[in-house]
Amino acid sequence: MAMSHADGSMVRIEGVSKQYDGEQGTVQALDDVDFGVDTGEFVCIVGPSGCGKTTLFRILAGLEPATAGEVLLDGSRVTEPTPNMGIVFQEYHLFPWQTVRENVAFGLKKTDVPTDERERRVDHLVDLVGLDGFADSYPKALSGGMKQRVALARALAIDPALLLMDEPFGAVDAQTREMLQGELLEIWEETGKTVLFVTHDVEEAVKLADRIIVMGKNPGSIRQIIDVDLDRPRSRTDTAFGQYYERIRELI
Ligand code: ADP
């Protein structure tokens, strides 16, 4: 069970800034970004292209250092990738020479989870993401949506406290995307994971999140943090849904 930080947040982003020194001078990709995520919460980070979402994601994941500030997970500073975070990228990053089962089991190799428990867990996750019957298939036989389900199962295999997702449904068609959104919500409810989900799609954020961190650019910073007080499942044709959507579109 994940422990909470003293202020109640499982994840804390404290005064994170990032500058890139390039040929055209210095780019302030992030300016003093500050927020927390509570245990079990589903938080979306939304903003236009260039507002620093990818940069923030990489800093959160421990893949890139911040110029200033820090990221804390359960009170510990994140300085490199940690098994307490399961990461899902837009590109699936599956191993083409491994089956679905082997891909899902990948992160468990370096753990001390016993073999029979590993097999149980992998079977359960393959079922959970709706890929039973495909456990022995190779990625090339799968559609984009199915590949992303494998990537999600793989991220969940190490039983991380936090699921960190970067535009995970950006590469699939609209219909598949909607299906995956619904499935992710079901899995989130079933597992009680904390989810931090990056997207440029305002509708997706309103559909999914308990809370939306709205970012703007030049420099990349938080415009507003919005609680989404709507029952799930949510429908975009709902008046209140439309009001959240419009309010966020006006901000960015
Ligand atoms: P987003 O994911 O929201 O589109 P990014 O984090 O990719 O935003 O980029 C934020 C800003 O930082 C942009 O102005 C981008 O050009 C700049 N940037 C991102 N990565 C680098 C880099 N490696 N070197 C220089 N500038 C960068």
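Residues numbered from 1 in each chain as written. Predicted model: local features only at pLDDT ≥ 70, side-chain atom pairs only at ≥ 80, totals over all residues. Heavy atoms only, no water.

Draft legend 1. Here's a closer look at helix H1 (residues 53-60). Along H1, six of the eight residues are buried, which leaves the element largely enclosed by surrounding structure. Regarding H1, the residues found buried are Lys53, Thr55, Leu56, Phe57, Ile59 and Leu60. Phi for glycine 62, located one or two positions after H1, is positive at around 80°. (Buried < 20%, exposed > 50% of the residue type's maximum accessible area, 1.4 Å probe, protein only. Helix = DSSP H or I, 4+ residues; strand = E, 2+ residues; numbered from the N terminus.)

Draft legend 2. Molecular detail of the nonpolar core. Among the nonpolar cores identified, the biggest contains 50 residues, and Phe42, Val104, Leu152, Phe197 and Ile212 are the most heavily contacted of them. Aside from chain neighbours lying at most four places away, what touches isoleucine 212 is Cys44, Val46, Ala205, Val206, Gln224, Ile225, Ile226, Val228 and Ile248. Among the nonpolar cores identified, the runner-up in size contains 27 residues, and Ile13, Leu56, Val71 and Ala161 belong to it. (Core = buried A, V, L, I, M, F, W, Y, C linked by side-chain atoms within 4.5 Å. Contact = heavy atoms within 4.5 Å.)

Draft legend 3. Structural view of the sheet that holds strand S1 (residues 9-22). Judged by pairing direction, the sheet is antiparallel, and its four strands sit side by side in the order S2-S1-S4-S5 without closing on themselves. In this open sheet, the two strands that pair with only one neighbour each are strand S2 (25-38) and strand S5 (76-77). Here two bridges tie strand S4 (residues 68-73) to S5, and the two strands are oriented antiparallel to one another. Its bridge partner lying in S5, leucine 72 is registered against arginine 77. Contacts from H1 reach S1, S2 and S4 within the one sheet, and its direction differs from that of S1 by about 120°. (Pairing = 2+ DSSP bridges. Axes fitted to C-alpha atoms, helices over the stretch in contact; angles between N-to-C directions.)

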